[in-house]
Amino acid sequence: MILDSAAVELDAAAGPVIAYVDPDEVAAFARALDDGDPRYQDGTLAPPTYSVTPALPVVHQLPGYPPAVAAAARAIVHGEHDMVLHRPLVPGTRIAVTAERLGVVPTKAGLAIEQVVRVVAIGGEDEPGGTDVGTDVGIGGRADGGPGAGPGELLVEHHWVALLVGDAAGPARGAVPPDHTFPEEARARPVGTVALPTTRDQTFRYAGASGDRNPMHVNDEVARQRGFPRKFNQGLLTLGLAARGLVGLVAGGDPARLRRLAVRFAAPAFPGDDVEVTAYELDGTPEGGAAYAFEAHAGGRAVLRHGRVEVRPAQDPGAGPAPGVQRRSRIVPVPSPPPQHIVTSP
């Protein structure tokens, strides 16, 4: 059967869904990534990929695909992810999350579906009226205050690309996912490699902290029924681990400096395998930040490809807490991360 791009419904939407960045949930999420940064435990900051937790149920609320499209797909997987971190999420913030299905692109592997998820600040824990978003938080909200921006600031924008695996045909329609192709010439400019150990219970801990409880990640029998040798890491778990490594490798240990994190999921990583992340220097961003390409390998094969990470300058005010959220005055030193091995290129 053929996957017809013309049959995919675009402009489908979900939300806004109101959520609260709970400090204890943030702490649990960081522990699921074995990330020992004390700011995640004392309520100062959330890990860079934490916003996938409130975003995931909103993505699941998007309308299903037409029966003919769903029947033609051999599988529906998370193909790529590209997040723009306009401001770090701070525990105690109330947020509104929306999702839209905006584009479809036929590829050799199937239909790539561009889904955009936006996380907008609507107030802190103690702010009056913090949960009332009404109709002001538009799905089309923009960070520049343009049409539909709503009363709050856009904190995180996810390009959440689903891949309908199969034989695809038809025209590309709507929005195209942002490009983050790995430039081969970057291999001449390696920065270093970080090896991140994982544990047998990692997928269970991440499932509890993130809400991503797909049985393939927590049940060997189900995974084998789907053609895998055993349970395997959630893709966003592997991305979260890579983000943890990249913070130390290219952002000076400061997670608030991450501005963009993009990747293509190439293969599953398995619990107990080290995830080795290698970064390569690219030309800087127009805003004056640094940019790097990266890949991740586990068990002798690539699990993340076409990675791109952009880093704010050290003094960029965008690295501060969101408006309306009190900044902690205490300066917390960043300790050494959990056991890992970093090799820096000369």
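Higher on the page you've got the structure.
Residues numbered from 1 in each chain as written. Predicted model: local features only at pLDDT ≥ 70, side-chain atom pairs only at ≥ 80, totals over all residues. Heavy atoms only, no water.

Caption draft 1: Spatial organisation of the nonpolar core. Counting 59 residues, the largest nonpolar core has Leu89, Val250, Val277, Phe294 and Val309 as its most contacted members. Among the elements that line this core, the one with the most residues is helix α6 (residues 235-250), at ten residues. Beyond its immediate sequence surroundings of up to four residues, Val250 is in contact with Val191, Ala279, Tyr292, Val309 and Val311. (Core = buried A, V, L, I, M, F, W, Y, C linked by side-chain atoms within 4.5 Å. Buried < 20%, exposed > 50% of the residue type's maximum accessible area, 1.4 Å probe, protein only. Helix = DSSP H or I, 4+ residues; strand = E, 2+ residues; numbered from the N terminus. Contact = heavy atoms within 4.5 Å.)

Caption draft 2: Examining the pairing of strand β13 (residues 301-311) more closely. Burial within β13 is extensive, with eight of its eleven residues counted as buried. One ladder, built from six bridges, connects strand β10 (residues 258-265) with β13; its direction is antiparallel. Within β13, the residue paired with Leu261 across the bridge is Val309. Note that strand β12 (residues 290-298) and β13 share eight bridges and pair antiparallel. Looking across to β13, one finds that Ala291 is bridged to Glu310. With antiparallel pairing between neighbouring strands as the criterion, β12 and β13 make up a hairpin whose turn holds two residues, including Gly299 at a positive phi of roughly 60 degrees. (Pairing = 2+ DSSP bridges.)

Caption draft 3: A look at the environment of Gly245. Structurally, Gly245 can be placed in helix α6. A relative accessible area of 2% means that Gly245 is categorised as buried. For the pair formed by Gly245 and Thr193, sequence separation is 52 residues and the distance between their alpha carbons is 8.7 Å. Setting aside anything within four residues of it in sequence, one finds Gly245 in contact with Val194 and Leu196.

Caption draft 4: The arrangement of unusual backbone geometry in detail. A cis amide bond links Gly15 to the next residue, Pro16, at an omega of 10 degrees. Mapped onto the elements, Pro16 comes out in strand β2 (residues 12-20). For His306, which is not a glycine, the phi torsion comes out positive at approximately 50 degrees. Inspection of the secondary structure puts His306 in strand β13.

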